[in-house]
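# Architecture and fold: a report
Chain by chain, the residues:
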Amino acid sequence: MKNSIRVVISAPSGAGKTTIINRLLEKNNNFRFSVSTTTRKPRRGEINGESYIFVTDDEFRNMIRNDDFIEWAEVHGHFYGTTKKEIDRIEEGGHIPIFDVDVQGGRALRKKLDNGVFIFIIPPSIEILEKRLRNRKTDSEKNIRLRLKNAIKELKEFDIYDYIIINDQIDDAVYRLESIVAAEQCKKERIRSIISTFGGEDDNTT
Ligand code: 5GP
């Protein structure tokens, strides 16, 4: 779909990105999640082809060689990548893709993706982020420290993004995400080609 937007979302872990994306997908049928390919092992409840396409290191390397990815990166010791095929699949179905990528992915897509809207989700404060990471009870103390260190590093990269959503309240954050997309869709640059199909003569008398 020409001129259709692509929504790229990044956030430090614990900022609530996955919850916000899932809420948006439940509420609004215009969007589809871009399923990345990864070499990390599935977590409990993750289904191959839904959360990620899970592949081996060798398979991932082959995909790099075949130029299958629009971007790929190593995150926390595993490979993650967005395939060109996945973007085509979503857009051929008439939907808007949502990409969940780390800041390296954000930076790469900024250079390679047309019509991207780049959104960064951040926690209200570093103290709240730490509390959220602890409440998840999924990480060891060492891991929480590492994630916090990475979060502080990632937060400094906010300038890559067009919009920043402070996730203080989930419904409000989802509302702001939808509003950003709606405003982007109304941008005159995106509507220009539609207006040009209206035809008619230029009339300077009115
Ligand atoms: P997780 O393993 O927790 O699902 O994801 C770890 C990180 O990898 C998250 O920051 C997520 O945004 C990022 N990620 C997921 N898919 C991709 C991808 O296709 N490309 C890049 N660059 N990062 C990704």
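Whatever comes next refers back to the structure up there.
The rules behind the values
Residues numbered from 1 in each chain as written. Predicted model: local features only at pLDDT ≥ 70, side-chain atom pairs only at ≥ 80, totals over all residues. Heavy atoms only, no water. Phe/Tyr/Trp six-rings, centres within 6.5 Å; stacked < 30°, edge-to-face > 60°. Buried < 20%, exposed > 50% of the residue type's maximum accessible area, 1.4 Å probe, protein only. Lys NZ or Arg CZ within 6 Å of the ring centre and 35° of its normal. Axes fitted to C-alpha atoms, helices over the stretch in contact; angles between N-to-C directions. Helix = DSSP H or I, 4+ residues; strand = E, 2+ residues; numbered from the N terminus. Left-handed = near helix turned anticlockwise from the far one by under 90°. Contact = heavy atoms within 4.5 Å.

### Quick word on the packing of aromatic side chains
Here the structure, examined in full by the defined rule, presents seven aromatic pairs. Taking 4.6 Å as the distance between ring centres and 25° as the angle between the ring planes, the aromatic pair formed by Phe60 and Phe69 counts as stacked. For Phe69, a relative accessible area of 7% corresponds to the buried category. In this structure an aromatic cluster arises from ring pairing among Phe60, Phe69, Trp72 and Phe79. Here Arg110 stacks its cationic end above the ring of Phe118, 4.2 Å away from the centre of that ring.

### Some thoughts on the packing of helix 5 (residues 126-136) against helix 6 (residues 141-155)
Running from N to C, helix 5 and helix 6 cross one another at 145°; their axes reach a closest spacing of 10 Å. In this structure, the crossing between helix 5 and helix 6 has a hand that is right-handed. Here helix 5 contributes Ile126, Leu129, Glu130, Leu133, Arg134 and Arg136 to the contact with helix 6, which in turn contributes Glu141, Ile144, Arg145, Arg147, Leu148, Ala151, Ile152 and Leu155.

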